[in-house]
Amino acid sequence: MAQDTIFALASAAGRAAVAAVRISGPGSGEALRALGGRLPAARRASLRRLRDAAGDIDEALVLWFPGPGSYTGEDSAEFHIHGGRAVIERLQGSLLALGLRPADPGEFTRRAFENGKLDLAQAEGVADLIDAETKGQADQALAQLGGALSRRHEVWRERLIESLALLEAGVDFPDEEVPGDVADAAKESLRGLLGQLDEAIADQARGQRVRDGYRIAVIGAPNAGKSSLFNALIAREAAIVTATPGTTRDVIEAPFDLAGYKVILADTAGVRETGEAIEAEGVRRAQAWARNADLRLWVVDRAGSAGDWRFAADLAQAGDLCLLNKADLPAGTDEAACRFSAEKAGVTAHLVSTRGAGLADLLAAITERVVTALAAREFPATTRMRHAESLRVARDRLAAALEAPQVELAAEDVRLAARALGRITGRIDAEEILGAVFGKFCIGK
Ligand SMILES: Nc1nc2c(ncn2[C@@H]2O[C@H](COP(=O)(O)OP(=O)(O)OP(=O)(O)O)[C@@H](O)[C@H]2O)c(=O)[nH]1
Ligand SMILES: [Mg+2]
């Protein structure tokens, strides 16, 4: 089937010094010649005056990438033109007139996948690298793009297939002497692999956290100073602060960069018993966000003596931080009671004031937790739900294979486990997942 030749603005829309327009497909060379004269040397930048029947378009740098040695694997080209709206539209109009069509989101990378230039996990790495806002996200995406994640799954898949061959030797020649130790060797290898898959599953949340952000909830009783702390940490007045308890109702999320990692900080409604419907909904949302967070900052008004700290006490988990706030005021009886209870629950107490005292130490403590949770020498095996699901299926099939009463059943389970791993790189069932993977790309990539 003859492919269309596609085009797209590969750089961001809007006024800029330079804009890059890419084209790919069998008509690329012809289009380049039509607009810029003879084909430039492959992969060398050449200065050309672009023109069509209506006249000059721009003076531009053009690049010619003959297939299959190009990003997409097809003949393709780039025009680096002046980045004004009119010039971009003029060039795109000419390309349309030459019979090229605008690319769908991710279509260049999809073609690269279809031409065997990248596997699916690598293609996802491309999308993640484009979306990366922090160093941690970029490092992880680059490793994935380079094939780190794919190689790991391929090695596992190959081991499954080797074991399958050993098991099938027992199935295909039941009457012959297949030494018992062949099947044993297969099982031994599968058992080792099961251990590795278990480790990868245990580590799976890390990759998703690096990609999507580490979640920190600011929780506590009304008026404890949660919104004040939230504003201090993100260094802007995003949340309303008043002396009236019950000010914050919605969850307010703010992403920020901590030590190169994406962190999402959330201010939440003060937790207390309330008969008021709006506030009750706010409390429900606060509790839900807090439970799913990776870390909770439990803010307590240490100057109080009414025992309000108890309202949010059961949301805090071991490893969280308790912030005894309003260090500039004299301590009430709540401080000692809360500190005692927190430390018993494995929650470290810090004395702070949202007006400044102790905030630098607090930030260091938070940073330490984020880095400990996300950093590791090795990149994690999975970075998306899609990978995690396949990994879990593979693990369950493998466990079933080891338990199977008959070698035929074991072989079938091993086959299914290999299939599940093959979905991660798109070696298996690619058609089903292509839309989901490439639909989220930006146009021009
Ligand atoms: N003295 C003193 N007052 C503080 C400090 N931090 C916050 N406050 C005051 O405490 C009051 C409540 O602050 P908020 O940040 O709105 O408290 P909150 O926990 O978000 O309250 P709700 O949204 O109602 O749950 C305000 O009057 C703040 O100015 C502090 O470190 N010292
Ligand atoms: Mg508030």
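As shown above, the structure is provided for reference.
As the structure is a computational prediction, the values presented were derived from the model and not from experiment.

Calculation criteria
Residues numbered from 1 in each chain as written. Chains lettered and ligands numbered in written order. Predicted model: local features only at pLDDT ≥ 70, side-chain atom pairs only at ≥ 80, totals over all residues. Heavy atoms only, no water. Helix = DSSP H or I, 4+ residues; strand = E, 2+ residues; numbered from the N terminus. Rg over C-alpha atoms; globule rule 2.2 N^0.38 Å. Buried < 20%, exposed > 50% of the residue type's maximum accessible area, 1.4 Å probe, protein only. Contact = heavy atoms within 4.5 Å. Areas by Shrake-Rupley, 256 points an atom, 1.4 Å probe, with all protein chains shown as cover. Phe/Tyr/Trp six-rings, centres within 6.5 Å; stacked < 30°, edge-to-face > 60°. Core = buried A, V, L, I, M, F, W, Y, C linked by side-chain atoms within 4.5 Å. Pairing = 2+ DSSP bridges. Axes fitted to C-alpha atoms, helices over the stretch in contact; angles between N-to-C directions.

1. Regarding the overall build of the protein
Within the protein, the secondary structure is distributed over 15 helices and 12 strands. Radius of gyration (C-alpha) of the protein: 29 Å, far over the 22 Å computed for a compact globule of 445 residues. Within the protein, buried positions represent 47% of all 445 residues. Partitioning the contacts of the protein with sequence separation of at least 6, the portion at a separation of at least 24 is 69%. Taken as a whole, the protein presents about 21000 Å² of accessible surface, with 52% of it coming from carbon and sulfur.

2. Quick notes on the packing of aromatic side chains
Within the structure shown, the criterion is met by two aromatic pairs. Summarising the aromatic geometry, the rings of F113 and F438 are spaced 6.2 Å apart at their centres and angled 45° between planes, so their arrangement reads as tilted. One end of the pair, F113, is in helix α3 (residues 107–114); the other, F438, is in helix α15 (residues 430–438), with 325 residues separating them in the sequence. Relative accessible area serves as the criterion here: at 2%, F438 is assigned to the buried category. Relative to W309, the ring of W298 has its centre 6.4 Å away and its plane inclined at 45°; by these criteria the two rings are tilted.

3. Here we look at the nonpolar core
Within the largest apolar cluster, 28 residues are counted, with the highest numbers of intra-cluster contacts made by I216, L229, L265, L297, L362, I366 and V370. Elements that contribute at least two residues to this core include exactly β7 (214–220), α9 (226–234), β8 (252–258), β9 (261–267), β10 (295–301), β11 (321–325) and α12 (359–374). No other element matches the six residues that α12 contributes to this core. In this structure, L193, A381, A394 and A417 belong to the second largest nonpolar core, which totals 27 residues.

4. Side note on the sheet that holds strand β3 (residues 46–52)
Strand order in the open sheet formed by six strands is β3-β4-β5-β2-β1-β6, and the pairing between neighbours is mixed. In this open sheet, the two strands that pair with only one neighbour each are β3 and β6 (101–102). In this fold helix α1 (residues 28–36) packs onto β2 (16–24), β3, β4 (55–65) and β5 (76–83), with an angle of close to 80° to the strand it touches most, β3. Contacts from helix α2 (residues 85–97) reach β1 (6–9), β2, β3, β4, β5 and β6, with the element oriented near 150° to β5.

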